[in-house]
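Descriptive structure summary
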Amino acid sequence: MKGRFYVVGVGPGDPELLTLKAARILSESQVWLVPAAGRNGMSTALDIACGAVDCRGKKIITHHFPMNKIYTDREPDREAQHAWQLAAELISSHLDSGLNVALPTLGDPAIYSTGFYVCETLLALVPQSVVKIIPGVSAMGASSAAAQIPLCLGNERLLLVPAVFAEDDLRAVLQSSTTIVFMKVRNALARLVPLLAEFDLLDRAVLVERVGMADQQIYRDISSIMTKKLHYFSTLIVRKK
Ligand SMILES: C[S@@+](CC[C@H](N)C(=O)[O-])C[C@H]1O[C@@H](n2cnc3c(N)ncnc32)[C@H](O)[C@@H]1O
């Protein structure tokens, strides 16, 4: 029998936020294909997974996925496409041997995760592959909890924005919803802070850096960190009410 491929959300940092199901699937998968953003082999998803599940005896394959911008309405970046293709080929060869393969991914696979690109590429390569997605706690959920700010209540609306893409329409974004969550925000504060001041929303913004990790930071005065070199794992919540 062929193995199954699982994309497993491992939450944003704290291994205790891994779900029981994620832990079980990781335990039952003989092969872990772990995403690494850099070429140094470091993988935050692997660190989180190993904090919750015994990874001894696992075949751990670190796979580099470049952090190139992906526009879903354009032809995908070639380097990224190549990485998805290589990952799909690796996964498929292990599935053929009857092994289960898990791809631990940061947060929830539903949100800006490489996992879905890999699934799509695997299914294009081997359409009969069995693929399962295991949800996880998202960084925005964990940031909301850490900052003790709800994302939406009652009739409110929530908008999730990858700040790195939203260069021209930040004004419209800020007007469009009760709560706006900005991910990929670390290089956008210099643009966002003056706009938030203009909309009188500075005291409505909270930035959570490395939520759930030992060095987690919560910044409630974001103008004071406008020029700070923030970690990529930073999420900004702007809640108008
Ligand atoms: C590629 S997206 C992955 C999102 C992830 N799939 C999720 O469900 O949260 C990366 C962005 O998620 C946010 N993020 C991920 N981990 C985080 C953490 N530990 N603390 C704060 N933000 C985090 C940051 O905005 C980062 O730029």
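Bear in mind the structure is a predicted one, so any value in this text is a computation, not a measurement.

All right, on to the overall build of the protein chain then. Across its full length, the protein chain carries seven helices and 10 strands. Taking 2.2 N^0.38 as the reference for a compact globule, 241 residues should give roughly 18 Å; the C-alpha atoms of the protein chain span a radius of gyration of 19 Å, in line with that estimate. Based on the C-alpha atoms only, the size of the protein chain along its principal axes is roughly 60 × 40 × 40 Å. Within the protein chain, buried positions represent 40% of all 241 residues. Long-range contacts, defined here as pairs at least 24 residues apart, represent 69% of the contacts in the protein chain between residues at least 6 apart.

Neighbouring the ligand are 23 residues; Gly 107, Ser 138, Ala 139, Met 183 and Phe 233 lie closest to it. Here the residues of the shell around the ligand sort into 12 nonpolar, eight polar and three charged. A domain split of the shell around the ligand shows at least three residues from each of domain 1 (4-134) and domain 2 (139-239).

What follows concerns the domain arrangement of the protein chain. For the protein chain, the assigned domains read domain 1 (4-134) and domain 2 (139-239). Between domain 1 and domain 2, the contact holds seven residues from the first and eight residues from the second. For the side of domain 1 that touches domain 2, the per-class residue count stands at three nonpolar, three polar and one charged.

A sheet is described by the order of its strands in space; here five strands give the open sequence E3-E2-E4-E1-E5, paired in parallel fashion. The sheet is open, and its two borders are formed by strand E3 (59-64) and strand E5 (130-134), each paired with just one other strand. Put simply, the sheet's adjacent strands are angled 20° from each other on average, direction ignored. In the sheet, strand E2 (residues 31-36) pairs with E3 via six bridges, with the strands oriented parallel.

This part is about helix H2 (residues 44-52). Within H2, seven of the nine residues are buried, which leaves it mostly tucked inside the rest of the structure. Those residues of H2 lying buried are Thr 44, Ala 45, Leu 46, Ile 48, Ala 49, Cys 50 and Ala 52. Buried-residue contacts for H2 involve helix H1 (20-28), E2, E3 and strand E4 (101-105).

The rules behind the values
- Residues numbered from 1 in each chain as written.
- Predicted model: local features only at pLDDT ≥ 70, side-chain atom pairs only at ≥ 80, totals over all residues.
- Helix = DSSP H or I, 4+ residues; strand = E, 2+ residues; numbered from the N terminus.
- Rg over C-alpha atoms; globule rule 2.2 N^0.38 Å.
- Buried ≥ 20, exposed ≤ 12 C-beta atoms within 10 Å, placed from the backbone.
- Contact = placed C-beta atoms within 7 Å.
- Near = placed C-beta within 6 Å.
- Nonpolar A, V, L, I, M, F, W, Y, C, P; charged D, E, K, R; others polar.
- Domains from an automatic or database assignment.
- Pairing = 2+ DSSP bridges.
- Axes fitted to C-alpha atoms, helices over the stretch in contact; angles between N-to-C directions.

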